[in-house]
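# Summary of structural features
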Amino acid sequence: MKYGYFDNANREYVITNPKTPTKWINYIGGLEFGGFVDHTGGSLICKGDPALNRIVKYIPQMPDSDFKGETLYIRLKEQDGYKIFSPFYVPTLDKYDLYECHVGLGYSRIVSEFYGIRCDVTIYVPYKSGRVIRDIKVKNMRNTPVVIDVIPVVEYTHFDALKQFNNNDWVPQTMQSRAIHEDGGLKTILQYAFMRRDFAVNYFTSNYPVSSFETDRRIFLGDNGYGTWAHPLSLENDELSCYEAHRGDNICALLHHLGEVRPGEEKRIITQLSQGESYESEKERIDYYRNEANVDKAFMELRDFWEEYLSYLQVETPDENFNTMVNVHNPRQCYITKNWSRYLSLYQVGLGARGIGFRDSSQDSMGILYSKPEEARELMEMLLHVQKIDGSAMHQFNPLTMVANQGDSRDMEGRPQYYGDDHLWIILAVAAYIKETGNTDFLNTEIPFYDKDKDGNPIETGTVFEHLKRAIEFTHDNVGRNGLPLLGFADWNDTVNLPAGAESAFNANLYGYALLQMIDICTHIGDDALVQKYKGYYEEMKHAFNKACWDGEWYVRYFDKDGNPLGSCRNEKGKIYVNAQSWSIISGFAPEDRAKQAMESVNKHLNTSKGIKLSTPGFNGFDPVIGGITTYPPGAKENCGIFMHTNPWAIIAETLIGNGDRAYEYYDQINPIAKNDIIDEYESEPYVYPQNVLGDEHPQFGLARNSWLSGTASWAYQAATKHILGLQPAMDGLIIDPCIPASWDGFKAVRKFRGAVYKIEVINGAHVTKGVKSVTVDGKEIKGYVVPVFGDGKEHTVKVVMG
C-alpha cells in the first residue's frame, strides 16, 4: 500500500493514509521545551528532561488506535443529539473523505475532511516560546449551515515519568487542576503536581471563549471511566462538568462553541500547552500567542530558520532521491538528533534518564557543522565536561545536572567500567569543527575534567587541546596482549561485552583515525614535536593491527583476554564484522590489497538488498560471556541485523578505494526514500533513517525500527556530502574530490564555507568514478583540488573536471 508521498516544493512528506504500519512521528521544539507529535495528532511533550519534567502522557506500547497524549474532537449538532468524531482519525476511527498529515520542518499539519467538515491543524513550537501551538481551522464544506463545537484534549502525566507507571498510590494523590476565568469567556486551566504548585505549573488555554471544561479523565470518559476515548460519554451532554480535579488522572478538555457555521465559512482557534512558574508570570506570553498575527509571524520565523539552515548546502545530481535526502530530510534529521541525542523518541521512551551519550553526541555534532558550527561547538564543550582526568570519558550524562554515569557497564560485575571508544570520538568532532570554521582558538578553551574532590569541585581543568591529548594517551596506555587497544566494557558495538582484557580492532582503527586528525591539527598549529610523536603512535598501531588482525580474507574484530578471536573464519558464529573492514580503510591501516579484499568480503558475506549486515552468521542462543548481542535472535539488531549506522562507514570505505559505483549502490539501498513503495515490508517512516533493519537471517527481513535518533543520520550525511560528492572541509580550504557513479555526467552544488558561497559544477564527461583532472576557480585554474578560503561574503564559481 501507499501511505504518502514526498512534496519537495514544500519540503514535506505528506501521509495520506493514517493507518501506517507503526506510528510515524515528527519533532517539534527542542529539549528545552518540546517533544514529538505522531501522524494522528498524539504527542509527548516535556520541558528540559523527558524523565523528570514530562508534561503529556504518551504510551507507545498501547495499540496505535488508542488515544495518546492529545487529540481533537469535533461535535456537530444533529436533530437527535451530537455527531462526535476526531479529525485526527484516532481515537474515533471514523471514515474519512480526506486525510493528510504534512510532516514538515519543525511542524506537523493535519488536514482532513469528515462529514463535510474540513479541519486544518498546524502543530509546532515557536522558537524559544516554551509552548506547543495548535492552530486549528475548521471549515464547513457542506451546502447547509451546521452548528460546530471544537474540543481539544490533553492528558497529563506526573512530571516524574517513571513514577507515573510504578506508583499508582502517590502519583494520583498529587495531581491537581485549577481554572482561571478571564474576560470574554477565555479560560486557562492550570495543572500541577501538588509539590510543584508554586513553581512549575502546566497550563492549557486558547484564544476563543470556552463554555465549559473538564479536568478529570474518569468524568470525561463517563460511566465511572468505562466510557472510551473513541466516544467520551461526557460529549453527549451539552456542556462539560467544569470540575477542577483534586486528584486522579488529570486531563484538560476545552469546549468551544463555534455556533452556526455557514457554508464555506472557516473559524480559527489557537491553543497553547505550556509550563511556567505561575499563571501570572506567563500571562503576557499567553496573550501574545492568542493573537493570530503573532502566531502567523512565529510560524514564518520557524520556516525562515529551516530555510537558512538548509541553505548552507544544496545539491543537484542525476538522482532525485539523493537530492531529496541530502537537501532536506537527512540534514533535518541531523539537527533533531543533535538536539535530542538518544533522550526521547517513540523507541527511546525517556523513562530511564539515559540522557546525552558521549559517543553519540560527539558523532551527532559532526552532522550539523556545515550549517550550525557554533551549536556543535557548544555541544562539544558540554561533552568535554564529562571527560575524566585519565583521558577516558563517562558514557552518558544528564545535561541539566551534568551528573554522568558509565551506562550498562554498571550492571555487569567483572567487566571494565569504561567504554573503550567514547573518548576518541570527540577528537573527530573537534577536528571537523576546526576544518569547517578555521577557529583554532577553540583549542585554548579551558574546560574542567569530570573528576571531583570531596566538596564536588573539579580537581583539574585543561584546555580543549589538553583534553584531546589525554584521550590519545588513554588509548595508547591501555592495550592488550597483541598491542591493540583494550575493549573496555564495549566499543561502538555496545552488545559485545567480553571479560576484562579483551582487545578491539574497532578501537584500534578509531584510534588510528583520531591520530590522523591530531596530526592535522598539530601540523596546522605548528606543533612539530607532537606531529612526530603521533606519527610514531600511528605506525606502531598500524603494525600491531595488521600483524594480529588479518585473517586471510578479512580483518578480525575482537580478541578475548586469552587471545581467541571473534570475527574470524575460525568462529562458528560471528565470523565477519563489517566495522573491522570499513574502519581499517578509514584509518588508513589497511594496505591497498587488503583494503580491496576486505571490502570484497563485505560485499560477499554481509551485503543484502536492504543494506549491509553488522556481522554474520548470527548467534542462536544466549551466551553471557559474549554479552548483549546474543540476547537478540539471528538477524535482529547487532546480531547479524542491518545496523544502519555501520552502512555509511562502508560507503566511505568504498569511496576511499575509488569504488564509486559500489559506494553509491550501498547508499541507495539504505536510502529511506526508496522504501516508500514497500512500506508494508519496511514499516518505518520513509523520510528519516532508522537505527536498524532486520537482516536476511530473520523471517521479517527488511522491517525497520528505532527511527530518528540514530548516528546513521550524521554519518549518512557525511558519506553523501564529504565522500560521494567529495565536498570536504580541510584546514586550508575546501577539498573537492568526488567519488560518484560512472554513469553520472556530473552534479552541481552550492556550499557556504567560511563566509563565502561556492557555486560548484562537477563535470564527468569521462564517466570515471574518481579522479580530478582540473579545478577552475573564478575562471582561473588552480593546482590540486583544494579550493582556497575566501571569507569575503561573495560568490565564487568552481568548475571541476573529473578524469
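Each remark here, short or long, concerns the structure printed above.
All of these numbers come straight from a predicted model, not from anything done at the bench. (Residues numbered from 1 in each chain as written. Predicted model: local features only at pLDDT ≥ 70, side-chain atom pairs only at ≥ 80, totals over all residues. Heavy atoms only, no water.)

### Regarding the overall build of the chain
The test is simple: Helix numbering and strand numbering both begin at the N terminus, where a helix is a DSSP run of H or I of at least 4 residues and a strand a DSSP run of E of at least 2. Here the globule rule reads 2.2 Å times residues to the power 0.38, and the radius of gyration is calculated from C-alpha atoms. For every residue, the accessible area obtained with a 1.4 Å probe (protein chains only) is divided by the maximum for its type, and the residue is called buried under 20%, exposed over 50%, and partly exposed between those limits. Note on definitions: a residue-residue contact is assigned when non-hydrogen atoms from the two residues lie within 4.5 Å.
A count of helical and extended segments in the chain gives 18 helices and 42 strands. For 803 residues, the compact-globule formula gives about 28 Å, and the C-alpha radius of gyration of the chain, at 28 Å, lands near that figure. Projecting the C-alpha coordinates of the chain onto the three principal axes gives extents of approximately 85 × 65 × 50 Å. Per-residue burial over the chain gives 63% buried out of 803 residues. Pairs at least 24 apart in sequence give 65% of the contacts found in the chain among residues at least 6 apart.

### As for the sheet that holds strand β41 (residues 786-787)
Inclusion rule: One requirement defines pairing of two strands: DSSP has to find at least two bridges between them.
Strands sit in the order β35-β36-β41 across an open sheet of three strands; the sheet is antiparallel. Unpaired on one side and paired on the other, β35 (727-730) and β41 mark the two borders of the sheet. In this sheet, β41 lies alongside strand β36 (residues 733-736) in antiparallel orientation, the contact comprising two bridges. By the bridge assignment, Leu 734 is partnered in β41 with Val 787.

### Section: the side chain of Arg 54
For clarity, the threshold we go by: This count recognises Lys and Arg as positive and Asp and Glu as negative, with His and chain-terminal groups excluded. The salt bridge definition used is simple: a Lys or Arg side-chain nitrogen within 4 Å of an Asp or Glu carboxyl oxygen.
For Arg 54, the position within the fold is in the loop between β5 (43-46) and β6 (70-78). In this structure, Arg 54 is buried with no salt-bridge partner, the nearest side chain bearing the opposite charge being Asp 49 at 7.3 Å. Setting aside residues no more than four positions away along its own chain, Arg 54 makes contact with Leu 44, Ile 45, Cys 46, Asp 49, Thr 157, His 158, Phe 159, Ala 161, Leu 344, Val 349, Gly 350 and Leu 351.

### Regarding helix α11 (residues 505-525)
Let me state the cut-off plainly: Expected span of a helix, by definition, is 1.5 Å for each gap between consecutive residues, and there is one gap fewer than residues. Polar contact criterion, stated in full: a pair of N or O atoms within 3.5 Å, where within protein one must be able to donate a hydrogen and the other to accept it, and residues adjacent in sequence count only if both atoms are side-chain atoms.
Its 21 residues place the ends of α11 30 Å apart at the C-alpha level, agreeing with the 30 Å of an ideal helix rising 1.5 Å per residue. Burial runs high along α11: 15 of the 21 residues are buried. A side-chain oxygen of the first residue of α11 lies 3.2 Å from the backbone nitrogen of Phe 506; this N-cap is Ser 504. Immediately downstream of α11, the backbone of Gly 526 shows phi near 80 degrees, a positive value.

### So, helix α5 (residues 292-310)
Applicable threshold: To obtain the arc, one takes the directions from the helix axis to the C-beta atoms.
With 19 residues, α5 should cover 27 Å at 1.5 Å per step; its first-to-last C-alpha distance of 27 Å lies within 8% of that length. Where α5 is concerned, the buried positions are Asn 294, Val 295, Ala 298, Phe 299, Leu 302, Phe 305, Trp 306, Tyr 309 and Leu 310. Projection of α5 onto a plane perpendicular to its axis shows the buried side chains occupying an angular sector of 160 degrees, all on one side. Of the residues that open α5, the one with a side-chain oxygen 2.9 Å from the backbone nitrogen of Ala 293 is Asn 291.

### Quick notes on the nonpolar core
What counts, and what does not: Here the nonpolar core consists of buried residues drawn from Ala, Val, Leu, Ile, Met, Phe, Trp, Tyr and Cys, with membership extended through side-chain atoms lying within 4.5 Å.
One finds Ile 148, Ile 426 and Tyr 667 to be the most contacted residues of the largest nonpolar core, which totals 211 residues. When residues no more than four places from it in sequence are discounted, the contact partners of Ile 148 are Ile 74, Arg 75, Leu 76, Ile 117, Val 138, His 256, His 257, Leu 258, Gly 259 and Val 261. If you look at the next biggest cluster of nonpolar residues, it comprises 14 residues, including Ile 151, Phe 220, Trp 229 and Leu 235.

### A word on the side chain of Arg 751
Within the secondary structure, Arg 751 is located in strand β37 (residues 746-753). Residue Arg 751 is classed as buried on the basis of its relative accessible area of 4%. Reaching out from Arg 751, the side chain makes a polar contact with the side chain of Glu 436 at a distance of 2.9 Å.

### Some words on the pattern of salt bridges
One pass over the full model with this rule turns up 51 salt bridges. For the salt bridge of Asp 287 with Arg 290, the shortest nitrogen-to-oxygen distance reads 3.3 Å. Among the charged side chains, a salt-bridge network with shared partners connects Lys 57, Glu 155, Arg 217 and Asp 249.

### Looking at the packing of helix α10 (residues 464-477) against α11
For the record, the criterion: Every angle, taken between N-to-C directions, lies between 0 and 180 degrees, and every axis is a line fitted to C-alpha atoms, over only the stretch in contact when it is a helix. Crossing chirality is assigned from the near helix's rotation relative to the far helix, an anticlockwise turn below a right angle marking it left-handed and a clockwise turn marking it right-handed. Any residue that is not Ala, Val, Leu, Ile, Met, Phe, Trp, Tyr, Cys, Pro, Asp, Glu, Lys or Arg is counted as polar, Gly included; the first ten are nonpolar and the last four charged.
Packing of α10 against α11 brings their axes to within 11 Å, and their N-to-C directions diverge by 145 degrees. Taken as a pair, α10 and α11 cross one another with a handedness that is left-handed. Contacts between α10 and α11 involve Phe 465, Leu 468, Lys 469, Ile 472, Thr 475 and His 476 from the first element and Tyr 511, Ala 514, Leu 515, Met 518, Ile 521, Cys 522 and Ile 525 from the second. Each residue belonging to the contact of α10 with α11 can be placed in one class, and the counts come to ten nonpolar, two polar and one charged.

### What to know about the packing of aromatic side chains
Where we set the bar: Note on aromatic pairs: the rings of Phe, Tyr and Trp (six-membered ring only in Trp) are paired at centre separations within 6.5 Å, and the planes decide the class, stacked below 30 degrees, edge-to-face beyond 60, tilted for the rest.
Scanning the entire structure with this criterion turns up 58 aromatic pairs. For the pair Tyr 27 and Trp 708, a centre-to-centre distance of 5.1 Å together with 65 degrees between the ring planes defines the contact as edge-to-face. Of this pair, Tyr 27 sits in strand β3 (residues 25-30) while Trp 708 sits in the loop between β34 (704-707) and α18 (712-724), and the two are 681 residues apart along the sequence. Judged by its relative accessible area of 1%, Tyr 27 is buried. By relative accessible area, Trp 708 is classed as buried at 0%. With a centroid separation of 6.5 Å and an interplanar angle of 35 degrees, the aromatic rings of Trp 492 and Phe 506 are classed as tilted. On the criterion of sequence distance, the pair formed by Trp 492 in the loop between α10 and β25 (503-504) and Phe 506 in helix α11 is long-range, its members being 14 residues apart.

### What to know about the environment of Glu 795
Tracing the chain through its elements places Glu 795 in strand β42 (residues 795-802). In sequence terms Glu 795 and Gly 755 are 40 residues apart; their C-alpha atoms lie 9.7 Å from each other. The residues touching Glu 795, leaving out its near neighbours within four places in the chain, are Val 757, Lys 759 and Asp 778.

### Details of unusual backbone geometry
The omega angle of the peptide bond from Val 90 to Pro 91 is 10 degrees, so this bond is cis rather than trans. With respect to the element layout, Pro 91 can be found in the loop between β7 (81-85) and β8 (98-103). Here the residue pair Thr 616 and Pro 617 is connected by a cis peptide bond, since its omega of -15 degrees sits within 30 degrees of zero. One can find Pro 617 in the loop between β31 (615-616) and β32 (642-643). For Tyr 115, which is not glycine, the phi torsion reads 55 degrees and is therefore positive. Exposure remark for Tyr 115: the relative accessible area of 30% places this residue in the partly exposed category.

Geometric descriptors of this kind do not, in isolation, establish any biological role.
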